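Architecture at a glance
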Amino acid sequence: MASARTPVVAGWFTSGDGDFRLLGTRCRACGAVYFPREDIFCRAPRCAGEELDEVPLSRRGRVWSYTDGRYRPPAPYPSDPARDWEPYTLIAVELAAERMVVLGQGAPGVTVADLAVGMEVEVVPGVLAGEGGQSWSTWHWRPVPAEDPEASS
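Small disclaimer: the values here were computed from a predicted structure and weren't measured. (Residues numbered from 1 in each chain as written. Predicted model: local features only at pLDDT ≥ 70, side-chain atom pairs only at ≥ 80, totals over all residues. Heavy atoms only, no water.)

Counted according to the given criterion, the structure contains six aromatic pairs. Between Phe13 and Trp139, the aromatic rings sit 6.2 Å apart at their centres with planes inclined by 65°, giving edge-to-face as the arrangement. On the criterion of sequence distance, the pair formed by Phe13 in strand S2 (residues 13-14) and Trp139 in strand S10 (residues 134-143) is long-range, its members being 126 residues apart. Among the aromatic residues, ring-to-ring pairing joins Trp12, Phe13, Phe20, Phe35 and Trp139 into one connected group. (Phe/Tyr/Trp six-rings, centres within 6.5 Å; stacked < 30°, edge-to-face > 60°. Helix = DSSP H or I, 4+ residues; strand = E, 2+ residues; numbered from the N terminus.)

This part is about the nonpolar core. Generally speaking, a soluble globular protein has its nonpolar side chains buried in company with each other. Formed by 21 residues in total, the largest nonpolar core has its most connected members in Leu22, Leu57, Val102, Trp139 and Trp141. Mapped by element, the contributors of at least two residues to this core are strand S7 (88-95), strand S8 (100-106), strand S9 (120-131) and S10. Not counting residues up to four positions away in its chain, the partners in contact with Val102 are Leu22, Phe35, Ile91, Ala92, Val93, Leu95, Trp139 and Trp141. (Core = buried A, V, L, I, M, F, W, Y, C linked by side-chain atoms within 4.5 Å. Buried < 20%, exposed > 50% of the residue type's maximum accessible area, 1.4 Å probe, protein only. Contact = heavy atoms within 4.5 Å.)

All right, on to unusual backbone geometry then. Backbone phi values are negative for most residues with the exception of glycine, while trans is the configuration of most peptide bonds. Here the amide bond leading from Phe35 into Pro36 is cis, since omega sits at 0°, within 30 degrees of zero. With respect to the element layout, Pro36 can be found in the loop between strand S4 (33-34) and strand S5 (52-56). Non-glycine residue Arg99 carries a positive phi angle of around 55°. Inspection of the secondary structure assignment puts Arg99 in the loop between S7 and S8.

Dropping the structure here:
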């Protein structure tokens, strides 16, 4: 039986047409881009804009910083205490087009040993937790494979 999948936070990402993207908002007045999204007013100090449009964010960015989580977070984080805890990787990624840094977990199997500041990563769909037939979809970052120099010649 397939599990039901619910976004961790509705409206923060989309996978329509197989093109998984984080969703932000852009102020019509000053062009400031927000993630997480801002739907009420522009937070830029010198802007009084109140009209914001939903925009898909860049799929790729560069590692700005990273670390690993080696402890089980406390409630209300959904975690089954009967299961073994698995460390996870957190990656802060700078999206150059939007000029912002977005935090997210590394894709399964990505460790701090696989990362370096400045390397290119891409956003991919992920699962935060899965308990009792329910799973929560989210985003993960994974390294973009280096191009084989012989493949381009």
